[in-house]
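Okay, here's what each chain looks like letter by letter:
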Amino acid sequence: MSEAKVVVITGASSGIGKASAELLAKDGAKLVLGARRENILKEIADKIEKLGGQAAYKATDVTDDAQVEELAKLAIEKFGRIDVWINNAGIMPQSVLSEKKIQDWNNMIDINIKGTLYGIGAAIPYMDKQKSGHIINVSSVAGHVAHSGSAVYSATKYAVRAISESLRQEMVDAKNNVRVTVISPGAINTELLSSVTDPEVKAGMEKFYAAYSIPVERVALTIKQAIDLPADAAWNEVIIRPTSQLG
Ligand SMILES: NC(=O)c1ccc[n+]([C@@H]2O[C@H](COP(=O)([O-])OP(=O)(O)OC[C@H]3O[C@@H](n4cnc5c(N)ncnc54)[C@H](OP(=O)(O)O)[C@@H]3O)[C@@H](O)[C@H]2O)c1
């Protein structure tokens, strides 16, 4: 059960992160929320507390290791432990390589890959001491298949899966009972398309998402189910996709 577990979520100000925070809080988990938009984190934390839950928050840019470390410290100060750390913050400014959108490439690498690494680096020392924990990394269907226009986004999401499998094996070697789960969503109705900078790509994606995307609560439920699995077992790889989505 996620009841009473301390759960840290990056990218908690919208979409999958926000929906997961709200669902887990209803189940009794203690939430620690990170993202850049602090005013929205405050609103989410206030709502959770009004409903009788517990939530702390801190403005956190996952591209800055020091800020990610501070988020971990907040969890320890407020709740004394970290049971689950969800590396969810991400952006998806897709475009064809010939456009040479270097700023988008760098931002995706910094947020989607380095942000995940910093989250792992911040959480593992505490989980190691506790001899328990759960790292959940959000990849994508685009982390299983690449297509025209998805090169760098897919590369970052393949990287998340490679990092997760290495981490899983390292945790087995460390005998610290830390579970590792990769959640790879398909088209989910969130704010993610606002990160697409190429107008043509954005228009195409908006059409696709309008036709196929499913509510964000489906992913939140999947994350809760992964957490609720007994501690001697882990879902290591999960694809959660709209029933009607082909690729
Ligand atoms: N929606 C989909 O169809 C889909 C499919 C596959 C995978 N995913 C993955 O799911 C994850 C969540 O995305 P979403 O769909 O929920 O999109 P979203 O609604 O746009 O949420 C993205 C979250 O990431 C945060 N974020 C962005 N840059 C950040 C940074 N530098 N530091 C900290 N937080 C940052 C945003 O908060 P701030 O702007 O406040 O920082 C926001 O809370 C991403 O990793 C995405 O790649 C989504």
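All figures in this text were calculated on a predicted structure; none of them were measured in a lab.

Parameters at a glance
Residues numbered from 1 in each chain as written. Predicted model: local features only at pLDDT ≥ 70, side-chain atom pairs only at ≥ 80, totals over all residues. UniProt positions renumbered as here; feature names shortened; annotations may be inferred. Helix = DSSP H or I, 4+ residues; strand = E, 2+ residues; numbered from the N terminus. Expected span 1.5 Å × (residues − 1). Buried ≥ 20, exposed ≤ 12 C-beta atoms within 10 Å, placed from the backbone. Near = placed C-beta within 6 Å. Nonpolar A, V, L, I, M, F, W, Y, C, P; charged D, E, K, R; others polar. Axes fitted to C-alpha atoms, helices over the stretch in contact; angles between N-to-C directions. Parallel < 35°, antiparallel > 145°, perpendicular 65-115°, else oblique. Left-handed = near helix turned anticlockwise from the far one by under 90°. Contact = placed C-beta atoms within 7 Å. Pairing = 2+ DSSP bridges. Right-handed = clockwise from strand over helix to strand, strands pointing away. Core = buried A, V, L, I, M, F, W, Y, C linked by C-beta atoms within 7 Å.

Trainee: Run through the UniProt feature "domain: Ketoreductase" (unreviewed entry) in the protein, naming residues and quoting values.
Mentor: Under the UniProt annotation, "domain: Ketoreductase" (unreviewed entry) lies at residues 5-191. Along residues 5-191 the backbone is 50% helical and 19% strand, and the end-to-end C-alpha distance reaches 27 Å.

Trainee: Requested: an account of helix α1 (residues 15-26), with residues and values cited.
Mentor: Given a rise of 1.5 Å per residue, 12 residues ought to cover 16 Å, and the 17 Å separating the end C-alpha atoms of α1 matches this to within 8%. Within α1, 10 of the 12 residues are buried, which leaves the element mostly enclosed by the surrounding structure. Every buried residue of α1 is listed here: Gly15, Ile16, Gly17, Lys18, Ala19, Ser20, Ala21, Glu22, Leu24 and Ala25. Trailing α1 by a residue or two, Gly28 shows a phi angle of about 100 degrees, which is positive.

Trainee: For the site of the ligand, give the residues involved together with the corresponding values.
Mentor: Around the ligand, the structure places 29 residues, and the nearest of them are Gly11, Gly15, Arg36, Gly90 and Thr190. Looking at the shell around the ligand, its residues break down into 13 nonpolar, 12 polar and 4 charged.

Trainee: Describe the packing of helix α4 (residues 102-130) against helix α5 (residues 151-174), naming the residues involved and giving the relevant values.
Mentor: Axes are the key here: two packed helices are described by the angle between their axes and the distance separating the axes. In the contact formed by α4 and α5, the axes pass within 9 Å of each other and the chain directions differ by 15 degrees. Considering the angle they form, α4 stands roughly parallel to α5. Here α4 runs over α5; the crossing is right-handed. Contacts from Trp105, Met108, Ile109, Asn112, Ile113, Thr116, Leu117, Ile120 and Asp128 in α4 reach Val152, Tyr153, Thr156, Lys157, Ala159, Val160, Ile163, Leu167 and Ala174 in α5. When grouped by side-chain class, the residues that make up the contact of α4 with α5 number 13 nonpolar, 3 polar and 2 charged.

Trainee: Which residues make up the sheet that holds strand β5 (residues 133-138), and what are the values?
Mentor: The strand order β3-β2-β1-β4-β5-β6-β7 describes an open sheet built from 7 strands, whose pairing is parallel. Each having just a single partner strand, β3 (54-59) and β7 (237-240) make up the two edges of the open sheet. Between one strand axis and the next, the sheet turns through 15 degrees on average, direction left out of account. Across the face of the sheet, helix α3 (residues 65-79) comes into contact with β1 (6-10), β2 (30-35) and β3 while running at roughly 160 degrees to β2.

Trainee: I'd like a rundown of the pairing of β5, residues and numbers included.
Mentor: Counting buried positions along β5 gives 6 out of 6 residues, so the element sits mostly inside the fold. The two faces of β5 match: Gly133, Ile135 and Asn137 on one face and His134, Ile136 and Val138 on the other face are all buried. Of the pairings in the sheet, the one linking strand β4 (residues 84-87) to β5 comprises 4 bridges and is parallel in character. Bridged to Ile86 within β5 is Ile136. In the classification by handedness, the crossover that spans β4, the intervening α4 and the parallel β5 is right-handed.

Trainee: Tell me about the nonpolar core, residues and numbers included.
Mentor: Grouped together as the largest cluster of nonpolar side chains are 67 residues, with contacts concentrated most on Val7, Val8, Leu31, Leu33, Ala72, Ile82 and Ala123. In terms of residues, this core owes the most to one element, α4, which gives 9 residues.

Trainee: Provide a residue-level description of the environment of Lys78, including the pertinent values.
Mentor: Along the polypeptide, Lys78 turns up in helix α3. Looking at Lys78, the number of C-beta atoms within 10 Å reads 16, which means it is partly exposed. Separated by 22 residues in the primary sequence, Lys78 and Ala56 place their C-alpha atoms 7.5 Å from one another. Sequence-distant contacts of Lys78, defined by excluding residues within four places in its chain, comprise Val32 and Ala56.

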